[in-house]
Amino acid sequence: MIYLIIYNYMENYKQIHLQKLSTAAAADRYLLACNGRYYETGAGVAELLACLQTHATEAEAVAAYVEQKQGRVSAAQVEAFIGERLQPMLAEEAQPKKRTFLYERELFSAKMVDGFSDRFRFLFNGAWMALLMTCVVAVDVWFFCTTDDLLVFNNAANAYTVVGLLAFMVVSSLFHELGHAAACKRFGIRHGGIGFGLYLNFPVLYTDVTEVWKLSRKQRCVVNLAGVYFQMYFLAVLLALFYATGNDIVRYLILTLNLGFVMTLNPFFKFDGYWLASDILGVPNLRARSKEVIAYFIRKWRGKPSGAKPYLLQVKRASRYGLLVYSVVVNVFMAYYFCYILPKFLVSFVQSFPEEVSQLVMYLSNGITPSFALLRNIGMQLVLLALVGMMVYKLAIKLKIKN
């Protein structure tokens, strides 16, 4: 039985996919793929895994690795590392993936998305993609610079208008996620399904593109931009319609799409912009590495042991400065968001919401159609309040579980 277990482990080691990981680190970094999960590691672990994959028994592999390292590590140290780090990766009951979202639910399986991604992967021709995005951005900038009364909405709002706007936002967001899936197919990797999640107090659609780590940094950047790229087809049509008709609703849809671009491309929350910044800098797990940098310098400033060298000091010079700037900016922004933006929203809600509800009741009781701005404000405040409440509830549960 013991021999059988060892044999199974030796066979399973061969199922771990090993390849170089494209990063900005000065030393080679490697990607381990096992049980649908991905791990970043250094050359030492990659060499050990190569030994385990090419020898008949663990004892032979350990002996070969110790000899390869010329005695810098002992057999006992290597065996302990295998038991603590590698064998758990091979366990039959693999640990669940770390969740990015406070709540998540798959809406469309990978099989359901495959038909679309297979048909539309041809759109990721480099020259065409660059030309379209450049032209649409140029016209979009012209729209903002030349349109009068940009934020004024003159049309009366009704139920059809509100439902139509919501439907547009959902369809546009779904098309965004299909763009990520199609980009994965373009580069020969699999994508997962499309789902709905709650990230902090933001409702989002997401696509499982975990295999993107197998790609080069440039290819990963394309996958990150693919959602916005697909939505730019919507934006191109809307801009043409607006210049042809001057319609207020079309103008509002253009503004909505642009607001979505600002949200998704910001590098602070874990949306597309965060992963884009991670790949441009060549620093996987960017948020954790930014916290690591701040903690490292705080320990040094306080005269305490600084601990392990942070990732900042292991990357090439250009990425090092970029990571340092990002670390400072993102931590300041997150403190600003949680300590100012959210409390300000709650105070504003308490002060303005009762009066806006009174106005709505007055309009309805007199048979007058409420203004679009009033309905928008009430609706958005209710949604945001519900999302903030859910975020606090989920975080409280997570903290309770940890304690």
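Relevant structure appears above.
These notes cover the structure that comes with them. Source: prediction; values computed, not measured. (Residues numbered from 1 in each chain as written. Predicted model: local features only at pLDDT ≥ 70, side-chain atom pairs only at ≥ 80, totals over all residues. Heavy atoms only, no water.)

Attention now goes to the sheet that holds strand E3 (residues 37-41). Strand pairing in a sheet is mediated by backbone hydrogen bonds. Such pairs are either parallel or antiparallel. The strand order across the open sheet formed by 3 strands is E1-E2-E3, and the pairing between neighbours is antiparallel. Sheet topology places strand E1 (17-21) and E3 at the edges, where each strand pairs with a single neighbour. Strand-to-strand twist in this sheet, taken as the mean axis angle between neighbours without regard to direction, amounts to 25°. Bridge count for E1 against strand E2 (residues 29-34) is 5 bridges, and the pairing is antiparallel. Within the sheet, the bridge partner assigned to Gln-19 lies in E2 and is Leu-31. (Pairing = 2+ DSSP bridges. Helix = DSSP H or I, 4+ residues; strand = E, 2+ residues; numbered from the N terminus. Axes fitted to C-alpha atoms, helices over the stretch in contact; angles between N-to-C directions.)

All right, on to helix H5 (residues 110-120) then. Listing the buried residues of H5 in full gives Val-113, Phe-116 and Ser-117. The arc that holds the buried residues of H5, viewed along the axis, is 95°, so those residues lie on one side. Of the exposed residues in H5, those oriented more than 90 degrees away from the buried face are Lys-111 and Arg-119. (Buried < 20%, exposed > 50% of the residue type's maximum accessible area, 1.4 Å probe, protein only. Arc of directions from axis to C-beta.)

Our focus in this paragraph is unusual backbone geometry. Even without being a glycine, Asn-285 presents a positive backbone phi close to 55°. Inspection of the secondary structure puts Asn-285 in the loop between helix H10 (272-281) and helix H11 (286-301). Looking at Asn-285, the relative accessible area reads 40%, which means it is partly exposed.

Here 3 strands make up an open sheet; going across it, the order is E4-E5-E6 and the pairing antiparallel. Because the sheet does not close on itself, it has two edges, and the strands there are strand E4 (103-108) and strand E6 (202-207). On average, adjacent strands in this sheet sit at an angle of 25° to one another, irrespective of strand direction. The pairing of strand E5 (residues 194-199) with E6 spans 6 bridges and is classified as antiparallel. Residue pairing across strands places Ile-194 opposite Thr-207, the latter belonging to E6.

The next subject is the environment of Gly-273. One can find Gly-273 in helix H10. By relative accessible area, which is 4% here, Gly-273 ends up buried. Each C-alpha atom, one on Gly-273 and one on Leu-225, is 8.3 Å from the other, the two residues being 48 residues apart in sequence.

This part is about a nonpolar patch on the surface. A surface patch of nonpolar side chains, about 480 Å² in accessible area, is lined by Phe-297, Leu-324, Val-325, Val-328, Val-329 and Val-332. Here Leu-324 lies in helix H12 (residues 317-365). Leu-324 sits in the partly exposed class, given a relative accessible area of 34%. (Patch = residues over 30% accessible without salt bridge, like charges linked within 9 Å, V, L, I, M, F, W, Y side chains within 5 Å. Areas by Shrake-Rupley, 256 points an atom, 1.4 Å probe, with all protein chains shown as cover. Salt bridge = Lys/Arg side-chain N within 4 Å of Asp/Glu carboxyl O.)

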